[in-house]
Amino acid sequence: MDCYFVALIICLVLATVSCCDIVKLTFPSGFRFGAATASYQIEGAWNVSVDTFYHFPDKGENVWDYWTHNYPGYIADGTNGDIACDSYHKYEEDVQLLKSAGLDFYRFSISWSRVLPTGFTNVISEDGLQYYKNLTAELVANGIEPIVTIYHWDHPQVIEDMGGWTNELMVDWFVDYARVLFEALGDTVKKWITINEPRSFCLLGYEDTQKAPGKVISGIGAYLCMHNVLKAHGKTYRMYDEEFRDVQQGVIGMAFSLITILSANSSDTVSADVGFQFEVGWNTHPIYIGDYPEIMKTRVAMISEAQGYPRSRLPELTDDWIAIINGSSDFFGANLYTSVLASPDPDEELGIYNSDSGIILEANSSWSRAASSWLYVYPPGFGYTLRQIRDYYDNPPVWITENGYSDKGELEDYDRISYFYDYLRELLIALKRDGCDIRGYAIWSLMDNFEWQDGIADKFGIYSVDFDDPARTRSSKLSTAWWARVTSTRKLQAVPTNSNARIKLPWE
Ligand code: GBH
């Protein structure tokens, strides 16, 4: 009896502690906050330096240079990244932006064609490498950890001329490039992300004109692209193991494009999961489980046959490749913004296959929206997907490598703050109540930037950038101050509701 009583008291105390902890909305002491950007979206200086020996520009042309210069019609406002935020010249100021917001890390990406102007390792641009050495040194001097994305969509055009991600030789070209970065920066950089969101550029760049290289290779391009991405990632991971890990002691992962997929109809227990396996598992199962999801292999083979192809449009991962790719990840990088509802495609009952998944994905029209056409605000989806990752992949260490909200550039960005509040609250519940191993969170984005096919009209920054001003002046938004309070208190802060509530910046 006594024993039960004591146990009961202990339980009550524990329950109160953990519940109040969630109520207080504090972050664990080791939790890390940061902001993310990508080279093409912020750097500018697209043809900056001339090689003194070869006398050719030693920033090579990449697929986004080529795409925006030759096909500006595919960019909503016809803009490009020639200057962007001019971070190539303003990186010291950018580091101060991070510091003012109290951020612990900066996730930035490296421009392949800035480091390797010919695309290959026969010429290494000293200027290009120096830029990233300066940036990482500046970060470290200011107590900010660099987290480096090796590839965020801007591979050299010369490589695209040879098929880019649809050419299997890309695998070795990528490994060669990554090795140059480990050699040059690996003493300082201890967290590497090989590739950002393969799902996005494979689907939108090799089966659609929304992203460079804008090749429409329907039904085949994206699968081939992902196949080579997985190989390039796996081989880079093993190369780091063999050549660098002992000495450099870093970690390597990928930033996956995640999307929360919920059932449109509560009695449908199948569609949301099938949707998840096709949209997310396609990329994550090979790395965490060892092969493409079974349902993907079966359905794509069956539909390919019905379409008259001699073999499945989904390439096969051989046992040798599975051995390289399976387990090639030290952390799970999650880019997660939005949710959709899944339902079965009724045409399938008539024997008509409109898609390989057979699932229709549609946002709920009652969800509120950001400026980006694809971004719906549904905070519970964030927690749902974090728990899904825990359950599917044995609770891996997770870094939220991107999350954020787009608007039209308001400095008093209440909606952005409210998005952060609601999503971070879900994150805390997943972490503290549900035991998800979430280590850190990166805001997308540090500053307004070139938002790919949407040009510069949709803004994700917690700092604004004046794109009409040649100096690309940065200014803080209301969310800057809100973030500074979150990072200094390590606690979620209330959402200001009107301009009188404007929080003073720490340096004001
Ligand atoms: C990220 O894309 C990028 O990494 C980053 O560079 C970008 O600036 C940021 O987010 C904001 O857009 O037709 O189903 O393929 C993440 C979000 C995921 C949004 C894929 C568009 C395509 C819809 N993207 N999604 S789909």
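Please read all numbers here as calculations on a predicted model, not as lab measurements.

A. Looking closely at the pairing of strand β11 (residues 438–444). In terms of burial, β11 is largely enclosed, as 6 of its 7 residues are buried. Bridge count between strand β1 (residues 32–36) and β11: 5 bridges; the pairing is parallel. In the strand pairing of β11, Ala35 is matched with Ile443. Pairing between strand β10 (residues 398–403) and β11: 4 bridges, direction parallel. Bridge pairing in β11 links Trp399 to Gly440. Where the polypeptide runs from β10 across helix α16 (residues 414–433) and back to β11, its parallel neighbour, the crossover connection is right-handed.

B. Spatial organisation of the environment of Asp208. In this fold, Asp208 is placed in the loop between α9 (198–206) and α10 (221–243). Filtering out sequence-adjacent residues up to four positions away, Asp208 remains in contact with Leu203, Gly214, Lys215 and Val216.

C. Examining a nonpolar patch on the surface more closely. The grouping of Tyr66, Tyr71 and Tyr74 at the surface amounts to a nonpolar patch, some 280 Å² of accessible area in total. Mapped onto the elements, Tyr71 comes out in the loop between α3 (63–70) and α4 (87–100).

D. Structural detail: the packing of helix α15 (residues 379–392) against α16. α16 packs onto α15 with a crossing angle of 30° between their chain directions and a minimal axis gap of 8 Å. The pairing of α15 with α16 is recorded here as roughly parallel in orientation. The element α15 and its partner α16 pack so that their crossing is right-handed. Counting all contacts with α15, which are made through Pro379, Pro380, Phe382, Gly383, Leu386 and Arg387, the residues of α16 involved are Asp422, Tyr423, Glu426, Leu427, Ala430 and Arg433.

E. Geometry of the nonpolar core. Judged by nonpolar contacts, the single largest core of 144 residues is most densely connected at Trp64, Trp165, Trp192, Leu427, Ile438, Tyr441 and Trp483. If near-sequence neighbours (up to four positions away) are discounted, Trp64 is found in contact with Tyr40, Ile75, Trp153, Asp154, Gln210, Lys211, Ala212, Phe450, Trp452 and Gln453.

F. View of the site of the ligand. Close contacts around the ligand come from 17 residues, with Gln41, His152, Glu402, Glu451 and Trp452 the closest. Side-chain polar atom of Glu197 to an oxygen atom of the ligand: 3.1 Å apart, as the coordinates give it. The fraction of the free accessible surface of the ligand (570 Å²) that becomes covered by protein chains is 82%. Breaking the shell around the ligand down by element, the ones donating at least two residues are α9 and β6 (331–344).

Conventions used here
Residues numbered from 1 in each chain as written. Predicted model: local features only at pLDDT ≥ 70, side-chain atom pairs only at ≥ 80, totals over all residues. Heavy atoms only, no water. Buried < 20%, exposed > 50% of the residue type's maximum accessible area, 1.4 Å probe, protein only. Helix = DSSP H or I, 4+ residues; strand = E, 2+ residues; numbered from the N terminus. Pairing = 2+ DSSP bridges. Right-handed = clockwise from strand over helix to strand, strands pointing away. Contact = heavy atoms within 4.5 Å. Patch = residues over 30% accessible without salt bridge, like charges linked within 9 Å, V, L, I, M, F, W, Y side chains within 5 Å. Areas by Shrake-Rupley, 256 points an atom, 1.4 Å probe, with all protein chains shown as cover. Salt bridge = Lys/Arg side-chain N within 4 Å of Asp/Glu carboxyl O. Axes fitted to C-alpha atoms, helices over the stretch in contact; angles between N-to-C directions. Parallel < 35°, antiparallel > 145°, perpendicular 65-115°, else oblique. Left-handed = near helix turned anticlockwise from the far one by under 90°. Core = buried A, V, L, I, M, F, W, Y, C linked by side-chain atoms within 4.5 Å. Near = heavy atom within 4 Å. Polar contact = N/O pair within 3.5 Å; in protein donor to acceptor, adjacent residues only side chain to side chain.

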